[in-house]
Amino acid sequence: MKQGIIPDMNDDYSDKNSRLGVLYPGHIEALKARHDHALLKSGASHAVIFSGSPKVTFLDDMSYPFVANPHFLSWAPLGCLPLSYIVYTPGETPRLIYYQPHDYWHVVPGDPVGYWAPHFDIRIVPSMDDIAALLPKDSDKCILIGEIDDAAHAFGIERVNPAMAVNILHFARGIKTEYEVECMRLASRRGARGHVAAEAAFRERASEFEIHRAYCHAVSHIDNELPYGNIVALNSHGAVLHYTNLDREPPDEMRSFLIDAGARVCGYASDITRTYSFDDARFAELIERMDAMQLEIVGKLRAGVDYRELHVDAHRMLGDVLVDTGLAHGDADTLLETGVTSAFFPHGLGHLIGVQVHDVGGHTQNESGTIIDPPSGHPFLRLTRVLEENMTLTIEPGLYLIDMLLEDLRGTPAESHVDWNAVDWLRPFGGVRIEDDVRVTLDGCENLTRDAFAAI
Ligand code: GLY
Ligand code: MN
Ligand code: MN
C-alpha cells in the first residue's frame with residue numbers, strides 16, 4: 001500500500017514529473033511563506049504539525065475512521081498517517097517524522113515515496129519513543145498545530161493552536177495554490193465519473209443503497225475515503241438537506257433523484273450536487289430553471305464580488321423561479337422580505353472548499369481573524385468574504401419542499417404568497433439542488449465541475 005494515499009484509478013499522482021509533481025514545489029514554497037509569517041507574528045521559531053491520533057470507540061478497542069489534521073494534509077498527501085509530525089523551521093527543509101510502527105495486526109503505512117517526498121527530511125520512526133529526539137529542543141519556541149487528545153502527543157509544547165498563528169494560516173488558506181487547484185480539478189473529474197454512474201443506476205430504478213454503491217465503485221472510494229457522507233436521495237428524501245440514510249429497497253414509484261457526492265485526490269475534495277427527474281416534465285422544467293439560475297450566479301463570479309450580496313441576489317433570483325414555476329405569487333423582493341424564499345432555500349449559497357469540503361476561513365476578513373457576519377436572516381451562510389483570485393468555493397442554490405419551514409409561514413404575510421396547491425404537487429419530488437465547485441479568477445471563474453463533466 002502507498003504511504004497513506006487513497007488509491008486512485010489513474011494513479012499517476014506519485015510521479016514527480018506528473019502535473020501535480022511539477023506544481024508541488026510552488027505549493028510548498030507558498031506554505032513555507034505562510035508559516036514564516038505566522039511564526040514571526042507569534043514570536044516562535046518552529047511549527048510542529050501533528051497528523052492526529054486514532055480515536056477509539058467507548059468500551060472497545062476499535063478506532064473510528066481516521067481523519068487527518070487538514071494542516072498536515074495540506075503539506076503532503078498523507079491522509080492515513082496517524083501519530084506523525086511535520087516540523088518546520090524557517091530556512092530549513094521541513095522534517096517529516098513518519099510513524100511506521102511494527103504492527104502485525106494492521107497494514108502500516110508503506111515507505112514514503114512520491115513527488116512530495118524529496119521536499120522533506122524524512123525520519124521513519126517505528127516507535128513513539130523515538131519522536132522526542134527528533135523535535136526541536138527549544139520547546140518554548142515551538143507552536144504545535146493539531147488536535148491533542150493526549151498530552152503525551154504534545155511532547156511538552158505548551159503553545160497548542162495559538163490563535164494568532166491559526167488565524168493567519170486559515171485566512172491564507174482561502175487562496176489556493178496552482179497545485180491545490182489541480183488536485184481539485186482531478187477530484188472533480190473523479191466525482192463526475194461517480195455522478196454519471198449514479199444517474200445510470202437511478203435510470204435503472206436502483207435503490208439508494210445500490211446507487212451509492214455504483215457511485216463508490218465508479219470513484220474507487222470506500223465510504224471512509226469520501227470527503228463527506230454521500231447524499232443519495234430518491235423522491236421526497238431530496239428535501240432532507242443532509243439525508244444520509246440509504247434505503248435498501250427502491251421506491252414503488254421513481255420520481256426524482258438528488259445526489260450530493262464528492263471525491264478526493266491527494267486529500268483535496270470535490271463537492272457536487274445534481275438533481276434528475278425520472279419522467280415528470282414539470283419537475284424536469286423546475287430542474288432546468290434551477291440549473292439556469294445556478295449558471296447565472298456562477299456567471300456573476302469574479303474577484304471583488306461580495307459573497308454575502310451574491311447570496312441575497314440568489315434569493316431574489318429564486319423568487320423569480322418560484323413565481324415563474326407557479327410555486328409563489330408576488331415579486332421577488334416581497335418574497336425575500338416575507339421569508340418565502342428562505343422557506344424554500346434555507347441554506348447558504350456555498351462555502352470555501354479545499355483540503356476540507358467546508359474549508360476554514362469562510363468568515364474571516366483578515367489574518368487577525370475578524371469575523372464577517374452573515375447577512376441578517378441568513379445565519380447558515382458559511383462564506384461571507386469578498387472574493388479573491390484563486391479562491392475555490394461552491395455555488396449550490398436549492399429549492400425544497402420542507403413542510404416544517406413552510407408551515408411557519410401560515411398566519412404571516414407570507415402565507416398568501418405561497419401557492420399551496422403547487423406545494424402539494426412538489427412534495428413527492430423533494431427538491432432540487434445544483435452544486436458546482438469553482439475557482440475565482442480576476443474577471444470570472446473556472447468551473448471545475450462543469451469542465452469535469454464535459455471532459456468525461
Ligand atoms: N455536501 C455538503 C455541502 O454541499 O455543503
Ligand atoms: Mn457544498
Ligand atoms: Mn454538496
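Cut-offs and rules
Residues numbered from 1 in each chain as written. Chains lettered and ligands numbered in written order. Predicted model: local features only at pLDDT ≥ 70, side-chain atom pairs only at ≥ 80, totals over all residues. Heavy atoms only, no water. Axes fitted to C-alpha atoms, helices over the stretch in contact; angles between N-to-C directions. Helix = DSSP H or I, 4+ residues; strand = E, 2+ residues; numbered from the N terminus. Left-handed = near helix turned anticlockwise from the far one by under 90°. Contact = heavy atoms within 4.5 Å. Nonpolar A, V, L, I, M, F, W, Y, C, P; charged D, E, K, R; others polar. Buried < 20%, exposed > 50% of the residue type's maximum accessible area, 1.4 Å probe, protein only. pLDDT = per-residue confidence, 0-100. Donors = N, O, S within 2.8 Å, 3.2 Å for Na, K, Ca; no water. 1 Å grid on protein atoms, 1.4 Å probe; cavity = no way out; pocket = protein on both sides within 12 Å on 5 of 7 lines; lining within 4 Å. Points joined across faces, edges and corners; volume = space filled by probe spheres on them. Tetrahedral: all angles 85-135°; square planar, octahedral: opposite > 155°, others 65-115°. Near = heavy atom within 4 Å. Polar contact = N/O pair within 3.5 Å; in protein donor to acceptor, adjacent residues only side chain to side chain. Sits in = over half its atoms within 2 Å of the grid points. Parallel < 35°, antiparallel > 145°, perpendicular 65-115°, else oblique. Salt bridge = Lys/Arg side-chain N within 4 Å of Asp/Glu carboxyl O. Core = buried A, V, L, I, M, F, W, Y, C linked by side-chain atoms within 4.5 Å. Pairing = 2+ DSSP bridges.

Q: Got a minute to help me understand the packing of helix H4 (residues 178-203) against helix H5 (residues 208-219) in this structure?
A: Between two packed helices, what matters for the description is the angle formed by their axes and the separation of those axes. Orientation of H4 relative to H5, taken along the N-to-C sense of each, is 150°, at an axis distance of 8 Å. Crossing of H4 over H5 shows right-handed handedness. Counting all contacts with H4, which are made through Arg190, Gly191, Arg193, Gly194, His195, Ala197, Ala198, Ala201 and Phe202, the residues of H5 involved are Ile211, Ala214, Tyr215, Ala218 and Val219. Broken down by class, the residue content of the contact of H4 with H5 amounts to nine nonpolar, three polar and two charged.

Q: Looking at this structure, I do not really get unusual backbone geometry. What am I missing?
A: Note: most residues except glycine have negative phi, and most peptide bonds are trans. A positive phi is found at Leu83, a non-glycine position, where the angle reads about 60°. As for its position among the elements, Leu83 is in the loop between helix H2 (70-75) and strand S2 (85-88). Relative accessible area serves as the criterion here: at 14%, Leu83 is assigned to the buried category. Even without being glycine, Asn161 reaches a positive phi, approximately 50°. Here Asn161 shows up in the loop between strand S5 (142-145) and helix H3 (163-173).

Q: What is the right way to read the confidence of the model for the chain from this model?
A: Predicted coordinates in areas of low pLDDT are best not read in detail. Here the chain shows a mean pLDDT of 96. Residues at 70 or above account for 97%. Here residues 1-7 is a poorly scored stretch, pLDDT under 50, and it has 25 contacts once near neighbours within four places are set aside; other chains count.

Q: Could you clarify how one ought to interpret the coordination of the manganese ion (ligand 3) in this entry?
A: For a metal with four tetrahedral donors the ideal donor-metal-donor angle is 109.5 degrees, while six octahedral donors give ideal angles of 90 or 180 degrees. The protein atoms that coordinate the manganese ion (ligand 3) are Asp260 (OD), Asp260 (OD), Asp271 (OD) and Glu435 (OE), at distances of 2.0 to 2.3 Å. All donors of the manganese ion (ligand 3) belong to a single chain; written as a sequence motif, their spacing is D-x10-D-x163-E. Taken as an interatomic distance, the gap from the manganese ion (ligand 3) to the manganese ion (ligand 2) is 3.3 Å; Asp271 donates to each of them. Of this pair, Asp260 sits in strand S7 (residues 256-261) while Asp271 sits in the loop between strand S9 (268-269) and strand S10 (272-277); the two residues are 11 residues apart in sequence, bridging distant segments of the chain.

Q: Can you walk me through the layout of surface pockets in this structure?
A: The probe, sized like a water molecule, is rolled over the atoms to show the empty space still left. In this structure, the second largest pocket encloses a volume near 400 Å³. Lining the second largest pocket are 20 residues, with His242, Asp260, His358, Arg382 and Glu396 positioned closest to its centre. Residues belonging to the lining of the second largest pocket are distributed by class as follows: six nonpolar, eight polar and six charged.

Q: Teacher, can you tell me more about the coordination of the manganese ion (ligand 2) here?
A: Within the protein, Asp271 (OD), His351 (NE2), Glu396 (OE) and Glu435 (OE) serve as the donor atoms for the manganese ion (ligand 2), at 2.0 to 2.2 Å. If you look at the manganese ion (ligand 2), its six donor atoms make angles of 52 to 158° with each other, and the shape they trace is irregular.

Q: Which parts of the structure should I look at to understand the site of ligand 1?
A: Near ligand 1, the surroundings consist of Tyr228, Asp260, Asp271, His351, His358, Glu396 and Glu435. For ligand 1, an oxygen atom lies 3.2 Å from a polar atom in the side chain of Glu435. A molecule is said to occupy a pocket when more than half its atoms come within 2 Å of that pocket's grid points, and by this definition ligand 1 occupies the second largest pocket.

Q: Would you take a moment to explain the packing of H4 against helix H12 (residues 448-455) for this structure?
A: The geometry of H4 relative to H12 is characterised by a closest axis approach of 8 Å and an angle of 55° between their N-to-C directions. Considering their axes alone, H4 and H12 lie oblique with respect to each other. Of the two possible hands of crossing, H4 and H12 adopt the one that is right-handed. Between H4 and H12, the contacting residues are Val181, Met184, Arg185, Ser188, Arg189, Ala192, His195 and Val196 on the first element and Leu448, Ala452, Phe453 and Ala455 on the second. Here the contact of H4 with H12 is built from residues that sort into eight nonpolar, two polar and two charged.

Q: Would you mind going over the pattern of salt bridges with me for this structure?
A: Oppositely charged side chains are able to pair whenever their charged atoms sit close together. Applying the stated criterion across every chain, the model contains 27 salt bridges. Residue Arg316 pairs with Asp333 through a salt bridge whose shortest N-O separation is 2.8 Å. One end of the pair, Arg316, is in helix H7 (residues 307-324); the other, Asp333, is in helix H8 (residues 332-337), and 17 residues separate them in sequence. The exposure class of Arg316 is partly exposed, given its relative accessible area of 33%. Judged by its relative accessible area of 37%, Asp333 is partly exposed. Where Arg427 meets Asp424, a salt bridge forms, and the shortest distance between an N and an O atom there is 2.9 Å.

Q: How should the nonpolar core be read in this particular structure?
A: One recurring pattern in soluble globular proteins: nonpolar side chains tend to sit buried together. Counting residues in hydrophobic clusters, the biggest one holds 47 residues, and the most contacted among them are Leu393 and Leu399. Of all the secondary-structure elements, those providing two or more residues to this core are helix H6 (281-299), H7, helix H9 (340-344), strand S11 (392-395), helix H11 (420-426) and strand S14 (436-440). Non-local contacts of Leu399, meaning those with residues more than four positions away in its chain, are made with Leu286, Met290, Leu318, Val321, Leu322, Leu327, Phe344, Leu426, Gly431 and Val432. Formed by 44 residues, the second largest nonpolar core is a distinct cluster that contains Tyr88, Leu96, Trp116 and Tyr179.

Q: I would appreciate a short explanation of the pairing of S14 in the present structure.
A: Consecutive residues of a regular strand have side chains that alternate between opposite faces of the sheet. Burial runs high along S14: five of the five residues are buried. Residues Asp436, Val438 and Val440 of S14 are buried on one face, and the alternating residues Asp437 and Arg439, pointing to the opposite face, are buried as well. Note that S11 and S14 share four bridges and pair antiparallel. By the bridge assignment, Thr394 is partnered in S14 with Asp437. Direction of pairing for S14 relative to strand S15 (residues 445-447): antiparallel, over a ladder of three bridges. Residue pairing for S15: Val438 is matched across the bridge by Asn447. Where S14 hands over to S15, the hairpin turn is made up of four residues, counted between the paired strands.

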